[in-house]
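# Architecture and fold: a report
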Amino acid sequence: MKLTSSLASLLAVFTAGTALAAQPSATLPTVVVNAPPTQTSTGSSLAEEALVGPYNQPEWTGHRRFSTTRVYLQRQPWEVGFEQWWRVRQYDDAPEKHLFIEEIEIGLPYRMQLDLYYDWVHEEGETLNKDFAVELRWALADWGVIPLNPTLYGEYKFTDDDYGSDVYEFKLLLGDDFGPRLHWGLNLVYERETSGEEAQEFAVTQGISYTIIDQILSAGVEMQFKYENVAGDRDNGEHKFQIGPSVQWRPTHNTHLDIVGLFGCTDESPDFEGFVVFGFDFGSLKGGEDHHYKPVSGMRN
């Protein structure tokens with residue numbers, strides 16, 4: 001599969017989502033709350049912990065809270081969202097690297113979500129196409145039915161011929177609320193190249209967040225541990241551990257901005273790895289229900 005044709009498919013989906021978002025406000029989906037605002041995942045009165053949608057998940061899970069850790073599903077069936085990522089890595093003995101990602105997220109029935117995204121990098125004064133990726137998630141049950149809400153994740157990256165090998169990745173996504181205002185996620189990750197050095201990675205990522213202002217501002221900590229090796233030298237891999245603060249600001253009901261800074265704690269880790277993620281929710285492709293909770297008095301913004 002050629003990268004250019006894959007990118008064209010991604011842009012077609014994005015164009016359709018943009019057209020939907022541009023419809024007059026009179027045709028926007030009617031807001032339907034799946035449960036009363038007093039019914040929450042922790043027994044609190046926070047709107048972001050209200051159980052919403054067909055899977056009875058907390059409202060906060062519909063907005064990516066952690067850069068390195070995914071939690072359950074972000075999209076209800078036929079909801080569409082867009083995210084723009086910027087990641088920077090800085091090293092003591094190498095030039096810094098910038099990764100940019102454009103991602104489309106599409107909710108599917110049966111507790112599934114399809115993500116399509118395009119990656120490109122800028123390093124040493126040169127900009128390169130990196131890959132086009134397809135990601136699919138499947139939550140094993142409605143929220144709260146199975147402890148830690150396990151979700152299976154598979155991804156395949158079609159890498160540009162000039163950049164390297166294709167890559168496949170599998171994850172187990174876990175997440176829950178640890179009480180009012182405390183949100184948590186943990187991922188177990190395996191990733192491997194299909195050719196070349198056949199580099200592989202085992203990783204554990206984790207994030208915890210505390211809500212400062214309901215549905216507006218939260219802060220927390222993220223961390224990740226990686227063990228990476230290559231074919232022919234599997235016993236001498238690199239150990240990388242990073243940890244640092246994260247902040248999420250939700251300026252409107254359908255936008256979020258995440259800022260994360262991770263600091264390297266081992267010799268093989270980047271000195272610093274920073275993320276800026278901006279997300280926008282278009283709503284439902286089918287013009288149906290919008291399951292994101294909004295106060296009865298109307299929009300905050």
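About the criteria used
The residue numbers shown here count from 1 along each chain, following its written sequence. Only residues with pLDDT of at least 70 are given local features in this predicted model, and only at 80 or more are side-chain atom pairs given and counted; all residues enter the totals for whole chains, interfaces and linings. Side-chain descriptors were evaluated using all non-hydrogen atoms of the structure, hydrogens and water having been removed beforehand. Only DSSP runs of H or I covering at least 4 residues are called helices, and only runs of E covering at least 2 are called strands; the numbering of each starts at the N terminus. The contact rule is simple, with two residues in contact once any of their heavy atoms fall within 4.5 Å. Counting of polar contacts relies on pairs of N or O atoms within 3.5 Å, with two restrictions inside protein: one atom must be capable of donating a hydrogen and the other of accepting it, and residues adjacent in sequence are counted only when both atoms are side-chain atoms. Strands qualify as paired when DSSP identifies two bridges or more between them. For helices, the fitted axis covers only the stretch in contact; all axes are lines through C-alpha atoms, and the angles between them, taken along N-to-C directions, range from 0 to 180 degrees. Pairing of aromatic side chains requires ring centres within 6.5 Å, counting the rings of Phe and Tyr and the six-membered ring of Trp. Pairs whose planes differ by under 30 degrees are stacked, by over 60 edge-to-face, and all others tilted. Partly exposed residues are those whose accessible area sits between 20% and 50% of the maximum for their type, while under 20% is buried and over 50% is exposed, using a 1.4 Å probe and protein chains only. For a ring to carry a charge above it, either NZ of a lysine or CZ of an arginine must fall within 6 Å of the ring centroid while also lying within 35 degrees of the normal to the ring plane. Side-chain atoms within 4.5 Å are what join buried Ala, Val, Leu, Ile, Met, Phe, Trp, Tyr and Cys residues into a set we call a nonpolar core. For cavity detection a 1 Å grid was placed over the protein atoms alone, and a set of points counts as a cavity when a 1.4 Å probe fits there but cannot get out; an open set counts as a pocket when protein lies on both sides within 12 Å along at least five of seven lines, with lining residues being those that have an atom within 4 Å of a point. Grid points are joined across faces, edges and corners, and a volume is the space filled by probe spheres set on the points. Under this grouping Gly is polar, as are all residues other than the nonpolar Ala, Val, Leu, Ile, Met, Phe, Trp, Tyr, Cys and Pro and the charged Asp, Glu, Lys and Arg. Each patch is assembled from residues with relative accessible area greater than 30% and no salt bridge, linking like charges that lie within 9 Å and nonpolar side chains (Val, Leu, Ile, Met, Phe, Trp, Tyr) that lie within 5 Å. Shrake-Rupley sampling with a 1.4 Å probe provides the accessible areas, and residues are treated as covered by the protein chains on show and by no other component. Here a salt bridge means any side-chain nitrogen of Lys or Arg lying within 4 Å of a carboxyl oxygen belonging to Asp or Glu.

### A look at the environment of tyrosine 153
Within the fold, tyrosine 153 resides in strand 7 (residues 151-159). Considering only alpha carbons, one finds tyrosine 153 and leucine 136, 17 residues apart in sequence, at a separation of 5.8 Å. Residues within four places of tyrosine 153 in sequence aside, it is in contact with Arg70, Tyr117, Glu135, Leu136, Arg137, Glu169, Phe170, Lys171 and Leu173. Within the local environment of tyrosine 153, its side chain forms a polar contact with the side chain of glutamate 155, the two groups lying 2.4 Å apart.

### Regarding the sheet that holds strand 6 (residues 126-139)
If you walk around this closed barrel you meet the twelve strands as 3-4-5-6-7-8-9-10-11-12-13-14, and the pairing is antiparallel. For this sheet the average axis-to-axis angle between neighbouring strands, irrespective of direction, equals 20°. Of the strand pairs in this sheet, strand 9 (residues 182-193) and strand 10 (residues 200-213) are connected by eleven bridges, and their pairing is antiparallel. Bridging from a neighbouring strand, asparagine 187 pairs with threonine 205 of strand 10.

### Let's talk about the environment of glycine 237
With respect to the secondary-structure elements, glycine 237 resides in the loop between strand 11 (217-229) and strand 12 (238-249). Taking C-alpha positions, glycine 237 is 9.8 Å from glutamate 268, a pair spaced 31 residues apart along the chain. If we skip the residues at most four places from it in the chain, glycine 237 touches Tyr227, Glu228 and Asn229.

### A look at the packing of aromatic side chains
Summed over the entire model, instances satisfying the criterion amount to nine aromatic pairs. A ring pair is formed by phenylalanine 178 and tryptophan 184, whose centres lie 5.2 Å apart and whose planes are at 20°; its orientation type is stacked. With relative accessibility at 47%, the residue phenylalanine 178 sits in the partly exposed group. A ring pair is formed by tyrosine 190 and phenylalanine 202, whose centres lie 5.1 Å apart and whose planes are at 45°; its orientation type is tilted. Placement of the pair is tyrosine 190 in strand 9 and phenylalanine 202 in strand 10, with a sequence separation of twelve residues. Stacked on the ring of tyrosine 153, the Lys or Arg lysine 171 has its end atom at 4.7 Å from the ring centre.

### Section: the nonpolar core
Where a protein is soluble and globular, its nonpolar side chains tend to be buried together. In this structure, Trp85, Leu99, Ile101, Tyr117, Val121, Ala133, Tyr153, Leu173, Val260, Leu262, Phe275 and Val277 together form the largest nonpolar core, which totals twelve residues. When residues no more than four places from it in sequence are discounted, the contact partners of leucine 99 are Trp85, Trp86, Arg87, Asp119, Trp120, Val121 and Lys130. Formed by eight residues, the second largest nonpolar core is a distinct cluster that contains Phe66, Val71, Tyr72 and Ala139.

### Focus: the pairing of strand 10
Here strand 9 hands over to strand 10 after six residues, with glycine 196 in that stretch at a positive phi of 65°. Both strand 10 and strand 11 contribute to a ladder of 13 bridges, which runs antiparallel. Note on strand 11: the bridge partner recorded for phenylalanine 202 is tyrosine 227. Here strand 10 folds back onto strand 11, and the loop between the two strands holds three residues, one of which, glutamine 215, carries a positive phi near 65°.

### Here we look at the layout of surface pockets
One way to see where empty space is left: roll a probe the size of a water molecule over the atoms. The space that makes up the largest pocket amounts to roughly 1400 Å³. Along the walls of the largest pocket sit 50 residues, with Arg87, Arg89, Glu191, Glu201 and Lys226 positioned nearest its centre. The residue inventory of the lining of the largest pocket, partitioned by class, reads 15 nonpolar, eleven polar and 24 charged.

### What to know about a nonpolar patch on the surface
A cluster of nonpolar side chains, contributed by Trp138, Leu140, Val145, Ile146 and Leu152, occupies part of the molecular surface with about 410 Å² of accessible area. Structurally, the position occupied by isoleucine 146 is in the loop between strand 6 and strand 7. Its relative accessible area of 31% is what places isoleucine 146 among the partly exposed residues.

### A word on the pattern of salt bridges
Here the structure, examined in full by the defined rule, presents 17 salt bridges. Among the salt bridges present, the one from glutamate 135 reaches arginine 70, with a minimum N-O distance of 3.8 Å. Highlighted residues: glutamate 135 in strand 6 and arginine 70 in the loop between strand 2 (57-58) and strand 3 (79-90), separated in sequence by 65 residues. Judged by relative accessible area, which is 9%, arginine 70 ranks as buried. Note that arginine 111 is salt-bridged to aspartate 142, the shortest N-O span being 3.7 Å. Here arginine 111, found in the loop between strand 4 (97-108) and strand 5 (112-123), pairs with aspartate 142, found in the loop between strand 6 and strand 7; they are 31 residues apart in sequence, far enough to count as distant. Here aspartate 142 falls in the partly exposed class, since its relative accessible area comes to 25%. Put simply, Arg64, Arg75, Glu83, Glu103, Glu105 and Asp281 are held in one network by salt bridges that share partners.

Everything listed is a geometric property; what it means functionally is a separate question.
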